[in-house]
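Chain and residue survey
Letter by letter, the chains look like this.
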Amino acid sequence: ANPLSTNQLFSLQDKTVICTGATGGIGLEMCKCLGEAGADIVSIQLPNDPNAASLSDFLTKIGRKFWIFECDLADTSAIRATFQAIWNASIKPSVLLNCAGVNRRRPVIEMTDEDLDLDGRVAHYFVEFKADIRLDPVYQPQGYLHSSPG
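Now for a quick tour of the structure. (Residues numbered from 1 in each chain as written. Predicted model: local features only at pLDDT ≥ 70, side-chain atom pairs only at ≥ 80, totals over all residues. Heavy atoms only, no water.)

Thoughts on the environment of Gly-21
Positionally, Gly-21 belongs in the loop between strand S1 (16-20) and helix H2 (25-36). Beyond its immediate sequence surroundings of up to four residues, Gly-21 is in contact with Gly-27, Leu-28, Ile-44, Cys-99 and Ala-100. (Helix = DSSP H or I, 4+ residues; strand = E, 2+ residues; numbered from the N terminus. Contact = heavy atoms within 4.5 Å.)

As structure tokens, this is what we get:
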């Protein structure tokens with residue numbers, strides 16, 4: 001049997017995904033799959049990220065839009081300014097995906113409290129901004145959260 005392509009499994013046609021960590025590891029592969037499913041991608045990434053070109057090339061070849069907003073996610077004022085720049089560009093997200101992390105290149109048991117706090121702050125501020133964003137509905141399951149009156 002032939003495997004199904006991403007766009008045969010589900011569609012995000014003309015939806016927009018804002019992603020941190022879009023140019024590395026899991027984020028890169030997620031953004032490629034989301035692009036194949038029809039999504040346009042907004043990458044929030046470190047300044048001068050050398051991996052941005054490969055994601056841009058991939059998405060352009062499959063006809064998807066790709067925007068880059070540079071931001072140091074450890075700087076909360078930079079995060080606020082970046083989201084304001086995204087809104088100013090009239091980009092309306094349907095999906096927010098946080099794949100950013102701070103990798104200190106050592107086993108987690110050797111990480112300091114400061115290292116762990118930095119990872120937590122990145123995730124916390126992204127969640128804080130998600131709470132302020134009204135997303136377009138992409139998928140709304142029916143019947144899972146509500147039961148019939150008994």
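Don't stop here, the text continues.
Observations concerning the state of the cysteines
Under the definition given, this model contains zero disulfides. Not engaged in a disulfide, the cysteine Cys-31 finds its nearest cysteine sulfur in Cys-19; these two sulfurs lie 3.7 Å apart. Assessed through its relative accessible area of 0%, Cys-31 is described here as buried. In this model Cys-33 remains outside any disulfide bridge; the closest cysteine sulfur is found in Cys-31, 9.5 Å from its own. By relative accessible area, which is 35% here, Cys-33 ends up partly exposed. (Disulfide = S-S within 2.5 Å. Buried < 20%, exposed > 50% of the residue type's maximum accessible area, 1.4 Å probe, protein only.)

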